[in-house]
Amino acid sequence: MDKKISIGVIGCGAVADFHAVSILAAENAMLAGFADVRKESAEAFAKKYGAKVFDSVEQMLASPLVDAVCICTPSGFHANTALAALSAGKHILVEKPLAVTVEDCDRVIALAKEKGLTAGVISQFRFSASVQHLRSMLKDGRLGQLITGELLMKYYRSQEYYDSSSWRGTWALDGGSLMNQGIHGVDAMLYLLGPAESVCGYMDTKTHVIEAEDTAVAAVKFKCGALVVIQSTTSAYKGAPRHISIVGTKGSVVITEDTIEKCDVEGFAFEPIAEINKEKNLGHSSPMSISCDGHKFQIRDFADAILTGRAPAVPLTESRRAVALIQGVYESARTGKKIVLE
Ligand SMILES: NC(=O)c1ccc[n+]([C@@H]2O[C@H](COP(=O)([O-])OP(=O)(O)OC[C@H]3O[C@@H](n4cnc5c(N)ncnc54)[C@H](O)[C@@H]3O)[C@@H](O)[C@H]2O)c1
């Protein structure tokens, strides 16, 4: 039988179900078990999925039965968990964001390189059929010279959502609407348009009792020349589906949530992208109303990357770009200055 990668899950909260289901669904992976600082959380997952419970994260990382780990801890703990896993010789797949600071991203990137281990980040939106289709059009130059674009993420999260765990909405462990929710769209924009050059931003905490921002807007200049607007909030009544538009000299494309709503491109007969996830993806109003398809794709890809020695679909450096852009918005909002990105 072909080798399967044995994957443990660290951090047994809301997103861990997506990882467990996806590992079990992958023909090239097997579920090694669960670990959490709260052992009862790991026990509940082990019971639910019929898998092993580890007494601690350290015990999981010391186990020769574990090849790789999915890191599903609060965002601000990703880096230290990733560093411990890499030091123990485990391949890592980290939930988005890789870390909440660029410095922490760099620490993980450096150790993964030094150890020669496979390391990736979950950032599933870019694999939706609509984003993939738009990317291939952009690669073929179908939209001509890129002029402008929009990423609008008018989401709703209740105060109860932020109160449900002490890490949510804190600067050290989470960030605000842009670092937690908006990052999916920011990652897609970077994937579509390439690196960003500079950014000016504003932010505010409008309706929630949290440290970080619940509303941010930014103007971003991309290296390709496009001038792009970013808007992110978790204070919008009921929330609205994510909106992305890219406008070029030969056409414009609009993606609403996961569907290409409009594709007005010179010499191109548009065939609507039938999006399988439309009714499943309601993440703008409810945090866990998202499809598992992206996680399934990325976990299968991660195991295959380990088995074949290639890079995973979203290498760590890709997530670093999104974190750097978001930190650029935050820094600009704090200082009132334009931030030039590396
Ligand atoms: N890709 C997506 O669409 C998506 C969706 C939701 C969450 N996420 C990401 O997943 C991560 C977790 O989010 P969540 O909503 O599942 O959080 P959560 O609070 O529901 O769960 C976090 C779990 O980690 C455990 N934990 C905390 N510190 C730990 C440590 N040092 N070591 C081991 N376990 C630890 C907690 O006890 C808890 O069980 C966040 O980074 C978030 O951004 C991604």
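What counts, and where the lines are drawn
Position numbers for residues count from 1 along each chain, tracking the sequence in the order it is written. Totals for whole chains, interfaces and linings use all residues, but because this is a predicted model, local features are given only for residues with pLDDT of at least 70 and pairs of side-chain atoms are given and counted only at 80 or more. Side-chain descriptors were evaluated using all non-hydrogen atoms of the structure, hydrogens and water having been removed beforehand. Two strands are counted as paired when DSSP detects at least two bridges linking them. Strands are runs of DSSP state E lasting at least two residues, helices are runs of H or I lasting at least four, and both sets are numbered from the N terminus onward. Axes here mean lines fitted to C-alpha atoms, for a helix over just the part in contact, with angles spanning 0 to 180 degrees between N-to-C directions. Residue proximity to a molecule or strand is established when one non-hydrogen atom of the residue lies within 4 Å of it. Under this definition, polar contacts are N or O atom pairs within 3.5 Å; protein pairs additionally need one hydrogen-donor-capable and one acceptor-capable atom, and for neighbouring residues in sequence, both atoms have to be side-chain atoms. Residue exposure ignores everything except the shown protein chains as possible cover, and the areas themselves are Shrake-Rupley values with a 1.4 Å probe. Only Asp, Glu, Lys and Arg are considered charged, only Ala, Val, Leu, Ile, Met, Phe, Trp, Tyr, Cys and Pro nonpolar, and every remaining residue, Gly among them, polar. For each domain, the first and last residues come from an automatic or database assignment. The criterion used for residue contact is that any of the two residues' heavy atoms lie within 4.5 Å. Two rings belonging to Phe, Tyr or Trp (six-membered ring only in the last case) form a pair when the distance between their centres is within 6.5 Å. Interplanar angles under 30 degrees mark stacking, angles over 60 mark edge-to-face geometry, and anything in between is tilted. To sit over a ring, a charge needs its Lys NZ or Arg CZ within 6 Å of the ring centre and within 35 degrees of the ring normal. Relative orientations are named as follows: roughly parallel for angles under 35 degrees, roughly antiparallel for angles over 145 degrees, roughly perpendicular for angles from 65 to 115 degrees, and oblique for any other angle. Partly exposed describes any residue whose relative accessible area lies between the buried limit of under 20% and the exposed limit of over 50%, with all areas from a 1.4 Å probe on protein chains only and scaled to the type maximum. To get the bend at a residue, fit one axis to the 7 residues ending there and another to the 7 starting there, then take the angle between the axes. Salt bridge, as applied in this entry: a Lys or Arg side-chain nitrogen positioned within 4 Å of an Asp or Glu carboxyl oxygen. Here a crossover is taken to be right-handed if, once the strands point away from the viewer, the path from the first strand over the helix to the second is traced clockwise.

**Q** Hey, could you go over the sheet that holds strand β5 (residues 119–121) for me, with residue numbers and the actual values?
**A** Pairing is parallel in the open sheet, where five strands are placed in the order β2-β1-β3-β4-β5. Bordering the open sheet on either side are β2 (29–35) and β5, each of which pairs with just one other strand. Taking the axes of each pair of neighbouring strands and ignoring which way they run, one obtains an average angle of 20° across the sheet. Two elements, strand β3 (residues 68–71) and strand β4 (residues 91–94), share four bridges in a ladder whose sense is parallel. By the bridge assignment for β4, C70 is matched with L93.

**Q** Before we move on, can you summarise the site of the ligand with the specific residues and values?
**A** Near the ligand you find 27 residues, and of these V15, D36, S75, Q124 and W167 are the closest. At 2.8 Å from an oxygen atom of the ligand is found a main-chain nitrogen or oxygen belonging to V15. Within the side chain of H78, one N or O atom sits 2.9 Å away from an oxygen atom of the ligand. Relative to its free-state accessible area of 850 Å², the ligand is covered by the protein chains to the extent of 88%. Residues belonging to the shell around the ligand are distributed by class as follows: 13 nonpolar, nine polar and five charged. Counting residues domain by domain, the shell around the ligand receives three or more from each of domain 1 (5–124 + 293–314) and domain 2 (126–285 + 322–340).

**Q** Can you tell me about the side chain of S232, naming the residues and giving the values?
**A** Inspection of the secondary structure puts S232 in strand β9 (residues 227–233). A distance of 2.9 Å separates polar atoms of two side chains, one belonging to S232 and the other to S177. Non-local contacts of S232, meaning those with residues more than four positions away in its chain, are made with M153, S177, L178, G182, D214, T215 and A216.

**Q** Before we move on, could you go through the packing of aromatic side chains and cite the residues and values that matter?
**A** The description of two aromatic rings rests on the distance between their centres and on the angle between their planes. In total, this model carries six aromatic pairs according to the counting rule given. Over the aromatic face of F54 sits the side chain of K52, whose NZ or CZ is 4.8 Å from the ring centroid. Across the ring face of Y191, the terminal group of R135 is positioned such that the distance to the ring centre comes to 4.0 Å.

**Q** Outline the packing of helix α5 (residues 102–115) against helix α10 (residues 316–335), supporting the account with residue identities and numerical values.
**A** α10 packs onto α5 with a crossing angle of 170° between their chain directions and a minimal axis gap of 10 Å. On the basis of their axis angle, the class for α5 and α10 is roughly antiparallel. Judged by residue contacts, V102, C105, D106, V108, I109 and A112 of α5 engage L316, T317, R320, V323 and A324 from α10. Looking at the contact of α5 with α10, its residues break down into eight nonpolar, one polar and two charged.

**Q** Describe the environment of I7, and please don't skip the residues or the numbers.
**A** Summarising the element assignment, I7 is placed in strand β1 (residues 5–10). You can call I7 buried: its relative accessible area is 0%. Residues I7 and T148, 141 residues apart in the sequence, show an inter-C-alpha distance of 42 Å. Every residue in contact with I7, bar those within four places of it in the chain, is listed here: I23, A29, M30, L31, A32, G33, A68, V69, C70, I299 and F302.

**Q** Break down helix α8 (residues 177–193) for me, with residues and values.
**A** At I183, α8 shows its largest kink, close to 65°. Of all 17 residues in α8, 17 are buried, a share of seventy percent or more. Of the residues trailing α8, G194 is marked for its positive phi of about 85°.

**Q** Explain the pattern of salt bridges residue by residue, including any values.
**A** Considering all chains together, one arrives at 18 salt bridges under this definition. Measuring nitrogen to oxygen at the nearest pair gives 2.5 Å for the salt bridge that ties R107 to D104. A residue pair is termed a helical-turn pair when its members lie 3 or 4 positions apart in one helix, as R107 and D104 do in helix α5 at three residues. For R107, a relative accessible area of 39% corresponds to the partly exposed category. We classify D104 as buried; its relative accessible area is 17%. Taking the shortest distance from any N to any O, the salt bridge between D304 and R310 comes out at 2.9 Å. By relative accessible area, R310 is classed as partly exposed at 33%.

**Q** If you had to explain the pairing of β1 to someone new, which residues and values would you point to?
**A** For β1, the buried fraction is high: six of the six residues fall into the buried class. Going residue by residue along β1, you find I5, I7 and V9 tucked away on one face and S6, G8 and I10 tucked away on the opposite face as well. In this sheet, β2 lies alongside β1 in parallel orientation, the contact comprising six bridges. Looking at β2, one finds that I10 is bridged to A35. After leaving β1, the chain enters helix α1 (residues 16–25) and then returns to the sheet as β2, a path that is right-handed. Two elements, β1 and β3, share four bridges in a ladder whose sense is parallel. Along β3, the bridge assignment pairs G8 with V69.

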